[in-house]
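Spelled out from the first residue to the last, the chains are:
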Amino acid sequence: MSLPFWCVFISALLIFIAKAPVAKAMAEEGGGRYDNHHPRAQQARLTGFGARALAAHLNSIEAFPLFATGVLMAHTTQTYGFLIDMLAVTFVVSRVLYLLFYWWDLHWLRSLVWVVGLACSLLLMISPAL
């Protein structure tokens, strides 16, 4: 499997890794109980770290399709090489940093790495034309 495809796999895993702090915050909000009957209502009550963790998790879901599409566009047009590999790895690194910066409430850094990740996805999409 190619490096960009591994990056797609890791990015998919990050979606579920990002859910762990949300589940922890939900359990704390519910007095030690995760409300599996009404999880979205419980998530709506989260504040502080829990709300940031939820937003980071949801953004991970939102960012994934654009990145996966970019990798697939590069792959199907047989656009390979160092640039494609570096864009894919940079996207994954930016998403890991994004999660950490969101959890730690470092909003300027979070926004910066979000833009880096978006740029990677868009560049992957236009890479056949480069």
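Check the Subcellular location (unreviewed entry) section of the UniProt entry for the chain; it says "Membrane".

J.: Can you walk me through the UniProt feature "transmembrane region" (unreviewed entry) in the chain in this structure?
T.: Using the residue numbers shown here, the UniProt feature "transmembrane region" (unreviewed entry) corresponds to residues 80-101 and 107-126. Helix makes up 91% of residues 80-101 and strand 0%, whereas the separation of the span's terminal C-alpha atoms amounts to 31 Å. In the segment residues 107-126, helix accounts for 100% and strand for 0%; the C-alpha atoms at its two ends are 29 Å apart.

J.: Explain helix H1 (residues 3-17) to me, please; I cannot follow it from the model alone.
T.: Side chains three or four residues apart in an α-helix point the same way, a direct result of the helix having 3.6 residues per turn. Here H1 spans 20 Å end to end across 15 residues, near enough to the 21 Å set by a 1.5 Å rise per residue. Of all the positions in H1, only Pro4, Cys7, Val8, Ser11, Leu14 and Ile15 are classed as buried. The buried side chains of H1 occupy one side of the element, clustering within an arc of 115° when seen end-on. Looking at the buried side of H1, the elements it contacts are helix H2 (19-29), helix H4 (48-76) and helix H5 (82-103).

J.: Explain the pattern of salt bridges here, please?
T.: In a structure, side chains of opposite charge can pair up when their charged atoms sit close to one another. Summed over the entire model, instances satisfying the criterion amount to two salt bridges. One salt bridge in this structure joins Lys24 and Glu28, with 2.5 Å as the shortest N-O distance. Residue Lys24 and its partner Glu28 are both found in helix H2; the two are separated by four residues, about one turn of the helix. Exposure remark for Glu28: the relative accessible area of 54% places this residue in the exposed category.

J.: I would appreciate a short explanation of a nonpolar patch on the surface in the present structure.
T.: On the surface, a nonpolar cluster with roughly 690 Å² of combined accessible area is contributed by Met1, Leu3, Trp6, Phe9, Ile10, Leu13 and Ile17. Position of Trp6 relative to the elements: it lies in helix H1. Residue Trp6 is classed as partly exposed on the basis of its relative accessible area, which comes to 42%.

J.: What's the story with the side chain of Ser60 in this structure? I'm lost.
T.: Within the secondary structure, Ser60 sits in helix H4. Assessed through its relative accessible area of 7%, Ser60 is described here as buried. For Ser60, the side chain forms a polar contact with the main-chain oxygen of Ala56, separated by 3.0 Å. Ignoring any residue separated from it by four or fewer positions in sequence, one finds Ser60 in contact with Ile15, Ala18, Arg95 and Leu99.

J.: Looking at this structure, how should I read the packing of H4 against H5?
T.: Pairs of packed helices are described in terms of their axes, by the angle between the two and the distance that separates them. At a closest axis distance of 9 Å, the pairing of H4 and H5 adopts a crossing angle of 170°. Judged on the interaxial angle alone, H5 and H4 are roughly antiparallel. Seen from H4, the contacting residues are Phe49, Arg52, Ala53, Ala55, Ala56, Asn59, Ser60, Ala63, Phe67 and Ala74; seen from H5, they are Ile84, Ala88, Phe91, Arg95, Tyr98, Leu99, Tyr102 and Trp103. Class assignment of the residues belonging to the contact of H4 with H5 gives a composition of 14 nonpolar, two polar and two charged.

J.: What exactly am I supposed to notice about the nonpolar core here?
T.: Considering soluble globular proteins, one finds that nonpolar side chains tend to be buried as a cluster. If you look at the biggest cluster of nonpolar residues, it comprises 15 residues, and the most contacted ones within it are Val22, Leu46, Ala56, Leu99 and Trp103. Taken together, the elements giving at least two residues each to this core come down to H2, H4 and H5. Here this core gets five residues from one element, more than from any other, and that element is H5. Setting aside anything within four residues of it in sequence, one finds Val22 in contact with Gln43, Leu46, Ala53, Leu54 and His57. Counting 14 residues, the second-largest nonpolar core is a separate cluster that includes Val8, Ala63, Ile84 and Val92.

Criteria and thresholds
- Residues numbered from 1 in each chain as written.
- Predicted model: local features only at pLDDT ≥ 70, side-chain atom pairs only at ≥ 80, totals over all residues.
- Heavy atoms only, no water.
- UniProt positions renumbered as here; feature names shortened; annotations may be inferred.
- Helix = DSSP H or I, 4+ residues; strand = E, 2+ residues; numbered from the N terminus.
- Expected span 1.5 Å × (residues − 1).
- Buried < 20%, exposed > 50% of the residue type's maximum accessible area, 1.4 Å probe, protein only.
- Arc of directions from axis to C-beta.
- Contact = heavy atoms within 4.5 Å.
- Salt bridge = Lys/Arg side-chain N within 4 Å of Asp/Glu carboxyl O.
- Patch = residues over 30% accessible without salt bridge, like charges linked within 9 Å, V, L, I, M, F, W, Y side chains within 5 Å.
- Areas by Shrake-Rupley, 256 points an atom, 1.4 Å probe, with all protein chains shown as cover.
- Polar contact = N/O pair within 3.5 Å; in protein donor to acceptor, adjacent residues only side chain to side chain.
- Axes fitted to C-alpha atoms, helices over the stretch in contact; angles between N-to-C directions.
- Parallel < 35°, antiparallel > 145°, perpendicular 65-115°, else oblique.
- Nonpolar A, V, L, I, M, F, W, Y, C, P; charged D, E, K, R; others polar.
- Core = buried A, V, L, I, M, F, W, Y, C linked by side-chain atoms within 4.5 Å.

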